[in-house]
Each structure stands twice: as C-alpha cells, then as structure tokens.
Amino acid sequence: MKLFIKSSIFLSMVLIQTVHGQLKSSSITPLPGDTTLPSASTQLSHIAANEKETFPYRVEDYFLKPQVSEFELSPNGEFISFRQKDTNGKRDLYVKNVKTGSVQKILTEKKELIRQYFWVNNNRLIYLQDKGGDENYHLFAVNKDGSAQKELTPFPKVKVSDIHKIKDDANLLIITMNLTDPEIFEPYKLNIITGKIQNLYKNMKKNPASDFNFDKNGILRAYTSTVNDTQHQLFYKAPKDKKFRLINTVSWKDQFTILNFDYTDLSGNKVYVRSNIGRDKSAILLYDMKQNKIIKTLFENEKFDVDELKFSKKRKNTIDYYSFNGEKNNITPASDYFKTLYQKFSSTFKDKQISIVSVTDQEDKYLLSISSDRLYQTYHLYDVAKDKFELVKDVMPHLKEADMAKMLPIHFTTRDGLTIYGYLTLPNRASSNQPVPLIVNPHGGPYGERDKWSFNPETQLFASRGYATLQINYRGSGGYGKKLLLKGSKQIGRNMLNDLEDGIAFVLKQGLINKDKIAIYGASYGGLATLGSLVKTPDLYKCAVDYVGVSNLFTFINSFPPYWKPLLKQFYEQWYNPENPEEKRIMTEISPALNIDKIKTPLFIVQGANDPRVNINESDQMVKQLRSKGFDIPYMVRYNEGHGFHHEENRVVLYQTMLGFFAKHLK
C-alpha cells in the first residue's frame, strides 16, 4: 500500500501577549508577517454581528469537528481505532477491542494537531504531525495499547511524503523525505520499532528522481527521473534484471503512472498503469515493460479520467473494482466476487456514496463510509460470514439529512465552445418567485484539482443562510481529460475567469438567482481567482472573501518552498514565465496586488501565518495597499495555522465573520 501526503496549490513560538486580538511572540521568535495589520477581534466580532437572523443550525454545527470520527480497522479486524474529542476540543486517538467492547485511549492530541494516522500492523499505528501548519510532516508511532510511543523522523524542517508498506515485514515501512537536500526527496527503509533508517536510493540534484515504485517486498522496481525540469523519464527493472532500463520519456502534459505490479507474471515485466499517452482521457492498462507496449486496456470512460484499481488482499492479484470521479464518484466492480458484494452494498445504501475505508487481510470484514450531498457521514461494519451490516457511528447526527440542501451537477458551454462541469447548491427555499443570492466558490489548485459531489459543510452552511453556491471545474481542472487540463495553461486571470463568468450566466438563466446579489469566495488559487475577478469584472460582485490566496505572481514565485523548486520550469509552462517579456506583462496585468486601483468591491482577507505555499506576504501586501487607498479591509490572521484553518476554534470564528460579512453586503 502506498499512502500519499499531498501538497498542491496550485515553528515553534513563545507566546506572551496579544496585539489587535492576535498572538504576539517574544523578541526571540518573531511572528511571520506584519503584526500591525490583522484586525482586532472586536472588529471581527462587529462584522459577525451583521448576521442578525436566527437559524436552526449554528456555525458550530457544521464546523466543530465530529465528536467521534476517522474509524479504521486493524488488519486482522480485531480492533477498530477512531478519533474522539475531549472537553478542550482536542481529538485523541482510541482503540476498541471489537470482541470485548473495551476501549482505550492510546494517544492524546496536544498543541500540534494529529494530521493523519494509519494501522501499519496488528499492534502498531503511525501518525503525522507538523508544527503550526508548516507542512513539514514528521512521522510518529504508537502501539495499540498506547505504549512505545516514538518519533520516527526527528529531523528539523524535513518533510515525510510517500509511505509504503512492506508485505513480509510488518515492522518496516518505506518512506520518502527531503533529509539530505530540502529540494529533493529520497526513499528510506524505516523500522517503526527502533526508528532505524536506511537510504534506498541516493538522489542527485541534476535530473532528480521521484515517484519511486516499490513492490510488496520492498524492492525498488521503478522511478521517474526529471530531465530539463519538464520531462520525465521512467526507468524500470524486473526482479531478475541487474540494471534499470529506460521505458519512456514524457512531458508533464502526459501521464504514465505505475499503479501496481502483476505478481502472476514470473518475468516481472507486466504492470498496471494509468496513462493518457495517445488519448485524451486517462485509462487503466495492463502494460508489458519489456516489449514496451499495451497488453490490454482494462478500464476507461468516455467523459472522465479514471482513477485507480483495487486488488483483493486474499484472492491473489484479483482486481475487485475500478473507480473514477464523474459527476459523482463511481465504483465499477470487476471480479465476480466483488460484483455480488457491491450489489449488497448498493442495494442497502441505495443513492448514497459508498467508500471502502478498511478491509481486513482475510476480507471477512469491510468498514464502509456512507455519505451523500446531504448526509455528512456514517460508518458501517459489514461482516461477510454473517452477511450483516452494523452501524458503527453516525458522525454528525445533529445535521438532519432532510434539512440539508441538494448539490446539483451541472454542465454548460463556454463562450469558446468548451464543455465545463460543476455543481450548484441551492437553498431549499429557492424558487423563481424568490431568487436567492449567489456565492461563487472557485476551487484551489488550480491544475489537476477539482470540486466533487459530496457533503460540503461550506455550501450547506451558506444554503442554510439563504445563499446558493456555484462551484465550477474551470479549464485546467483535473478529471476531465488532457484537453481541458491543457486548455488552462497560461489562462490564469484570463479564460479561467471567463469560465466563472460563463457559469454565472448559465445559472442566471435558470431564474433562481438574484443577479444583483452575487459574491465570490475562494481559497488558495481560488483566492487568486477571487482577487483577479475583482480586477477583471469589478461590477459583477457585491463582495468577496480571499482565503490564503495569491495576490502577486512575482512575490509568490519568490517565496516557493524549497521542494517546489525542481518544478519551477513546469510552473512557468502552466502559469507564466517572468523571464518572458510578454508573459511578464501578463503577470503584471493579472496580479491583483499590482492593480489595486481597479478594485472597488468590499473585501475580507484571511490568512494562516505559517502557510508554506502562499506566504503571508501575499495577503499583507493586499491589505497594506488597499488600506492606503482608504479601503476598510477586515483582515483575519491566525498564528497557529498554515494553508487553511484546521483548529476548530479558528474555523468557527472564520465562518461566523464570513457570514456577517455576506449578510452586510448581500442581505
């Protein structure tokens, strides 16, 4: 199994006093950014007070983290782990004995949040933490009884990335981290008992390797080497080969990703790959590495890229199902066994979205996550021998499904003829006789990311307050094929924003939206799209919220974390290259911080101080310049957050303030 700790856009402090309602550090450890800029807590509370109506559900009902959540089965199915909140809102880790019902807390969450956790074997679990949202993830381990807790990667400013299990040794993992050079990652074999590490591949600064593919026995079978910063060479070695051999060379525009190995092939040359080479939509293929050719196309979809395939743990190398995200998530059974099994799942949960969270090694128990656009999440345990479902937990039982709004898949044609998909969430009371305000919510990324059909606390909160939400998978979004992805290149601030405007025009034709009450709110790249829209179409929006958004493409590039540096040339090909005079001119024209005079829309800015992707300077410079022009710009900064708010007390205040801001300008 390979787990990914993914970053995309595309700090230890001594705290002694408050300034403007924010935290200020001692002179030994200065806080990031200009600490004179954040708005006082009293000012933010005054904004929140603009929402004067009372509603059946509070902000806390959507954004306080669930009391109990994140269930996982141990590999043998004898134990089930979960996170549970204490009285201080910390989410500790517990383990329950399935047979006896006894429960034990094994890990207490303290100052730093537990970002993710996993079972490695039947006795030991691992978990990830960073410092204040800096995304330098460190790996820790603890036994299922809470003993032998240990930090496995105690290396300052080092980030753990991929995690890979080794089948035949339950105490070993393969991880990648940037231990020897902050810009490049290398794979290490890690003993989760002792913490001993062994380097498995010495990476080079020139043409660095990435995407290491290890088989179930922990043998390196393939890696990708980056050439000229924009081309990727795949090298492969069968178990009996002495040397790696070059399989293909592709640009970042093409995909050829090894998903797994065909262990029934004695030569070791047959692999399962996801590829879009020579085609628009990615497909799952069985591929012969020695002959360098496709043996068989296993799974494809006419409209959408496919995602993955899942193998049976017990029934040797049998593919159970394929999956992809279309307008909704789709699981397509492959084996006869899983077809029968999935029929039971789908007939029981009908129109719900079914995710398989855990499967025991013997495949006698399945832990399922069930959700929809209106159901937050329930966990169910299916016992195969008993053919019985057991409700483990309704994660947010207070959010009644009947009260929630529907997320409607939509698609429309842009002004230049592209088909664009998205979602419209309407308040239950919306009608042609009572058109409602609209919040346009562009997703982050921008490249390769997309919005999906699911329960979305933001859109449900907005709907409960009478606002519709429009989410558009504009050109450059992932999942819709190579053509749409590449149509987004060099279109930030231009055709990408046209797609948002065309989507608004489409939903206005439905007669359910008040055309005079439209807002825009986005995070990360969505924040840049928000600010860019205020420059490009200043009369379209009544107000805007920029959340950890880029404001100046030049300063943004200069603040990249070191592990983004090897991707700089690809960034130049997708975004813009400041060394190209014409593109430098475009960057100047579309960077909101360089076009302050065009902005006249009321704006609320939000930032995590330790953000490694979008530096706090991106927000600081917007606030400084707009205030110098006489704008009243509320500015919320949290000094224990990074790229987005994860502490629940910060999230609650953020959305309370945001709702007050929207109420002031849209109601």
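Residues numbered from 1 in each chain as written. Predicted model: local features only at pLDDT ≥ 70, side-chain atom pairs only at ≥ 80, totals over all residues. Heavy atoms only, no water.

Draft legend 1. Inspection of the packing of helix H1 (residues 41-48) against helix H12 (residues 648-666) at higher detail. Two elements in contact, H1 and H12, have axes whose closest approach is 7 Å; the angle formed by their N-to-C orientations is 55°. With respect to each other, H1 and H12 are oriented oblique. Here H1 contributes Leu44, Ile47 and Ala48 to the contact with H12, which in turn contributes Gln656, Thr657, Gly660 and Phe661. (Axes fitted to C-alpha atoms, helices over the stretch in contact; angles between N-to-C directions. Helix = DSSP H or I, 4+ residues; strand = E, 2+ residues; numbered from the N terminus. Parallel < 35°, antiparallel > 145°, perpendicular 65-115°, else oblique. Contact = heavy atoms within 4.5 Å.)

Draft legend 2. Representation of the sheet that holds strand S35 (residues 513-523) within the structure. Strand order in the open sheet formed by eight strands is S31-S32-S34-S33-S35-S36-S37-S38, and the pairing between neighbours is mixed. Two strands in the sheet have a free side with no partner beyond their single neighbour: strand S31 (407-413) and strand S38 (635-638). For this sheet, the mean angle separating the axes of adjacent strands, direction not counted, is 20°. Relative to strand S34 (residues 468-473), strand S32 (residues 419-425) runs antiparallel, the two being bridged by five bridges. Within S34, the residue paired with Thr425 across the bridge is Thr469. Relative to the sheet, helix H4 (residues 457-464) contacts S31, S32, strand S33 (436-440), S34 and S35, its axis offset from that of S34 by approximately 150°. Along the sheet, helix H7 (residues 525-536) makes contact with S35, strand S36 (543-547) and strand S37 (603-608), crossing S35 at roughly 135°. (Pairing = 2+ DSSP bridges.)

Draft legend 3. Examining the environment of Thr230 more closely. When you line up the elements, Thr230 lands in the loop between strand S17 (220-227) and strand S18 (231-236). Residue classification places Thr230 among the buried positions, given a relative accessible area of 11%. Residues Thr230 and Leu408 lie 178 residues apart in sequence; the distance between their C-alpha atoms is 38 Å. What Thr230 contacts, discounting residues up to four positions off in sequence, is Val250, Ser251, Trp252, Lys569, Gln570 and Glu573. (Buried < 20%, exposed > 50% of the residue type's maximum accessible area, 1.4 Å probe, protein only.)

Draft legend 4. Region of interest: the nonpolar core. In terms of nonpolar packing, the biggest core is built from 78 residues, with Leu438, Ile492, Tyr525, Trp575, Leu603 and Met622 touching the most fellow members. The biggest single contributor to this core is H7, with six residues. Residues Leu461, Phe462, Cys543 and Leu659 belong to the second largest nonpolar core, which totals 43 residues. (Core = buried A, V, L, I, M, F, W, Y, C linked by side-chain atoms within 4.5 Å.)

Draft legend 5. Quick peek at unusual backbone geometry. Backbone torsion omega between Gly445 and Pro446 reads -5°, so that peptide bond is classified as cis. Phi at Ala148 takes a positive value of approximately 55°, unusual for a residue other than glycine. As for its position among the elements, Ala148 is in the loop between strand S10 (138-143) and strand S11 (150-151).

Draft legend 6. Expanded view of the packing of helix H6 (residues 495-508) against H7. At a closest axis distance of 10 Å, the pairing of H6 and H7 adopts a crossing angle of 80°. One way to sum up the angle between H6 and H7 is to call them roughly perpendicular. Between H6, through Met496, Leu497, Asn498, Leu500 and Glu501, and H7, the contact on the second element is made entirely by Tyr525, Ala529, Gly532, Ser533 and Lys536. Considering only residue class, the contact of H6 with H7 consists of five nonpolar, three polar and two charged. (Nonpolar A, V, L, I, M, F, W, Y, C, P; charged D, E, K, R; others polar.)

Draft legend 7. Structural detail: the pattern of salt bridges. All chains considered together, the criterion is met by 36 salt bridges. Residues Asp229 and Lys569 are paired through a salt bridge, measuring 3.9 Å at the closest nitrogen-oxygen approach. Of this pair, Asp229 sits in the loop between S17 and S18 while Lys569 is found in helix H9 (residues 568-574), placing the two residues 340 residues apart along the sequence. Ionic pairing is found between Glu300 and Arg279, a salt bridge with its closest N-O pair at 2.4 Å. Linking Glu300 in the loop between strand S23 (293-299) and strand S24 (308-311) with Arg279 in the loop between strand S21 (270-275) and strand S22 (283-288), this pair joins segments that are 21 residues apart in sequence. Look at Glu300 and you get partly exposed, because its relative accessible area is 43%. One salt-bridge network, held together by shared partners, links Glu70, Arg83, Arg91 and Glu109. (Salt bridge = Lys/Arg side-chain N within 4 Å of Asp/Glu carboxyl O.)

Draft legend 8. Quick peek at the confidence of the model for the protein chain. Looking at the protein chain as a whole, the pLDDT averages 94, with 96% of positions reaching at least 70. Scored below 50 in pLDDT, residues 1-27 shows 87 contacts in the model against residues more than four places distant or in partner chains. (pLDDT = per-residue confidence, 0-100.)

Draft legend 9. Focus on the sheet that holds S17. One open sheet accounts for four strands, arranged S16-S17-S18-S19; its pairing is antiparallel. The outermost strands of the open sheet, each flanked by one partner alone, are strand S16 (209-214) and strand S19 (245-251). Averaged over neighbouring strand pairs, the angle between their axes works out to 20° when direction is ignored. Taken together, the six bridges between S18 and S19 define a ladder with antiparallel strand orientation. In the strand pairing of S19, Gln233 is matched with Thr249.

Draft legend 10. Representation of the packing of aromatic side chains within the structure. One pass over the structure, following the stated rule, counts 45 aromatic pairs. With a centroid separation of 6.2 Å and an interplanar angle of 65°, the aromatic rings of Phe185 and Tyr563 are classed as edge-to-face. Here Phe185 is found in the loop between strand S13 (172-177) and strand S14 (186-191), whereas its partner Tyr563 is found in the loop between helix H8 (553-558) and H9, with 378 residues between them in sequence. Residue Phe185 is classed as buried on the basis of its relative accessible area of 18%. (Phe/Tyr/Trp six-rings, centres within 6.5 Å; stacked < 30°, edge-to-face > 60°.)

Draft legend 11. Inspection of the pairing of S22 at higher detail. In terms of burial, S22 is largely enclosed, as six of its six residues are buried. Across six bridges, S21 lies against S22 in antiparallel orientation. In the sheet register, Lys270 faces S22, and the bridge partner there is Asp288. In terms of strand pairing, S22 meets S23 through five bridges, oriented antiparallel.

Draft legend 12. Representation of H7 within the structure. Look at H7: 16 Å from first C-alpha to last across 12 residues, which is about the 16 Å you get at 1.5 Å a residue. H7 sits mainly inside the fold: 11 of its 12 residues count as buried. Restricting attention to buried positions, one finds in H7 the residues Tyr525, Gly526, Gly527, Leu528, Ala529, Thr530, Leu531, Gly532, Ser533, Leu534 and Val535. (Expected span 1.5 Å × (residues − 1).)

Draft legend 13. Seen up close, the side chain of Arg450. You can see Arg450 is positioned in the loop between S33 and H4. Despite being buried, Arg450 has no salt bridge partner; Asp307 is the closest side chain of opposite charge, sitting 7.1 Å away. Of note is the side chain of Arg450, whose polar atom sits 2.9 Å from the backbone oxygen of Asn325. In this structure the side chain of Arg450 is engaged in a polar contact, spanning 2.9 Å, whose partner is the backbone oxygen of Gly326. (Lys, Arg positive; Asp, Glu negative; His and termini not counted. Polar contact = N/O pair within 3.5 Å; in protein donor to acceptor, adjacent residues only side chain to side chain.)

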